[in-house]
Amino acid sequence: MQFFAEASCLCLRRRKTRSPSPRWDRSHSPIPRKRRSSPSPRRQRRRRSRSSTSSLINNSRSPSHGSEQNNLIGKQRKEEEEKKRRQKEAELKLLEEELARRVEEDIRKNVEEHLNSEEVKNEIKHRVEDGIKKLFDEVDAQLLKEKESALKEARQKVEQERREREELDRMLEENRRKVEESQRKEAQEQQQKELERYLELERIQKQREEALRRKKIEEEEERVRQMKLLGRNRY
C-alpha cells in the first residue's frame, strides 16, 4: 500500500544523519565553462604585480578583519543550515501527520470491514448468546444461593424461636413452681396459724369450762354447806 511505502521512506530519512548543506561544487555545475586562451607574458607580469600588491594590502590589514568576516560567513551559513533543518523538520512533521491520518483511516476501514463481515457478526452473535446464557446461569446460581441462604436463615430463625420459646416455657414453669411453692408454704403457714389459733381457742374454751365447772362445784359445795347449816339451826 502507498502509506507503507511512505513510512519506509520516512524511516530511511530518519536514519540518515543530518549534515550541513554541501557547498556548491563548481566542477559539477551544468553550465559549460568557456575555455580561455593562455595569457601573454605582459598579462602575466601585470597579474603577478596585482597579486603581489593585493597580498601586500592583505598583509597590511589587521587579522581581526578577516576573523570577523569568517565569523559572519559562519553565522550566515549556520542560519541557512538552521533554516533548512527547520524546513526539513516541518516537512517531516507534515509527512508524519499525513501518514498517521492515512494509517488511522486504513485501520478504521479495516475494522469496519472486519466488523461487517459475516464471520465477525456470527462471532459477535455467538459471544452475545454465550454472555446472555452465562448471565442467566449466574442469575440462577445467585438466586439458588440466595434461596438456600434464606432457607438456612429461616431454619435458624425457627430454631432460635424454638429455643426462646423453650426458655420462656422453662422460665414460666420455674415461676409457676416458685409461686406454687410460695403458695403452699403460705397455705401451710396459714394452716399452722389457724391450727395454733384453734388450739389456743380450744385451750381458752377448756379453761373457761374448767372455771365454770369449778365454780359450779364451789357453788354446789356452798349450797350444801348452807343447807347443813340451816339443818343444824332447825334442831
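Residues numbered from 1 in each chain as written. Predicted model: local features only at pLDDT ≥ 70, side-chain atom pairs only at ≥ 80, totals over all residues. Heavy atoms only, no water.

- The name given to the protein in an unreviewed UniProt entry is Arginine and glutamate-rich protein 1, with the source organism recorded as Brachypodium distachyon.

1. Thoughts on the overall build of the protein
Logical step 1: Within the protein, the secondary structure is distributed over four helices and zero strands.
Logical step 2: Ordered by position from the N terminus, the helices and strands of the protein form the series α-α-α-α.
Logical step 3: Taken across its 235 residues, the protein has 3% of its residues classed as buried.
Logical step 4: As displayed, the protein offers around 23,100 Å² of accessible surface, 52% of which is attributable to carbon and sulfur atoms. (Helix = DSSP H or I, 4+ residues; strand = E, 2+ residues; numbered from the N terminus. Buried < 20%, exposed > 50% of the residue type's maximum accessible area, 1.4 Å probe, protein only. Areas by Shrake-Rupley, 256 points an atom, 1.4 Å probe, with all protein chains shown as cover.)

2. Let's talk about the pattern of salt bridges
Logical step 1: According to the stated counting rule, one finds 23 salt bridges in the structure shown.
Logical step 2: One salt bridge connects Arg108 with Glu112, and the closest N-O pair in it is separated by 2.7 Å. Here Arg108 and its partner Glu112 are both found in helix α3 (residues 63–115), four residues apart, which amounts to about one turn of the helix.
Logical step 3: Since its relative accessible area comes to 38%, Arg108 is described here as partly exposed.
Logical step 4: A salt bridge links Glu180 to Arg176; the nearest nitrogen and oxygen atoms lie 2.4 Å apart. Residue Glu180 and its partner Arg176 are both found in helix α4 (residues 118–234); the two are separated by four residues, about one turn of the helix.
Logical step 5: Judged by relative accessible area, which is 41%, Glu180 ranks as partly exposed.
Logical step 6: Several salt bridges converge on common partners, so that one network encompasses Glu82, Arg85, Arg86 and Glu89. (Salt bridge = Lys/Arg side-chain N within 4 Å of Asp/Glu carboxyl O.)

3. What to know about a nonpolar patch on the surface
Logical step 1: A cluster of nonpolar side chains, Ile107, Val111, Leu115, Ile124, Val128, Ile132 and Phe136, forms an exposed patch at the surface whose accessible area comes to about 620 Å².
Logical step 2: Elements that contribute at least two residues to the nonpolar patch include exactly α3 and α4.
Logical step 3: The dominant element in the nonpolar patch, judged by the number of residues it contributes, is α4, at four residues.
Logical step 4: Within the fold, Val128 resides in helix α4. (Patch = residues over 30% accessible without salt bridge, like charges linked within 9 Å, V, L, I, M, F, W, Y side chains within 5 Å.)

4. Examining the confidence of the model for the protein
Logical step 1: Mean pLDDT over the protein works out to 77, with 70% of the residues at or above the 70 mark.
Logical step 2: Per-residue pLDDT, averaged within each element of the protein, yields its smallest value for helix α1 (residues 2–15) (49) and its largest for α4 (90).
Logical step 3: Under a pLDDT of 50 for its full length, residues 14–37 has, in the predicted model, 10 contacts with residues more than four places off or in other chains.
Logical step 4: Here residues 52–62 is a poorly scored stretch, pLDDT under 50, and it has zero contacts once near neighbours within four places are set aside; other chains count. (pLDDT = per-residue confidence, 0-100. Contact = heavy atoms within 4.5 Å.)

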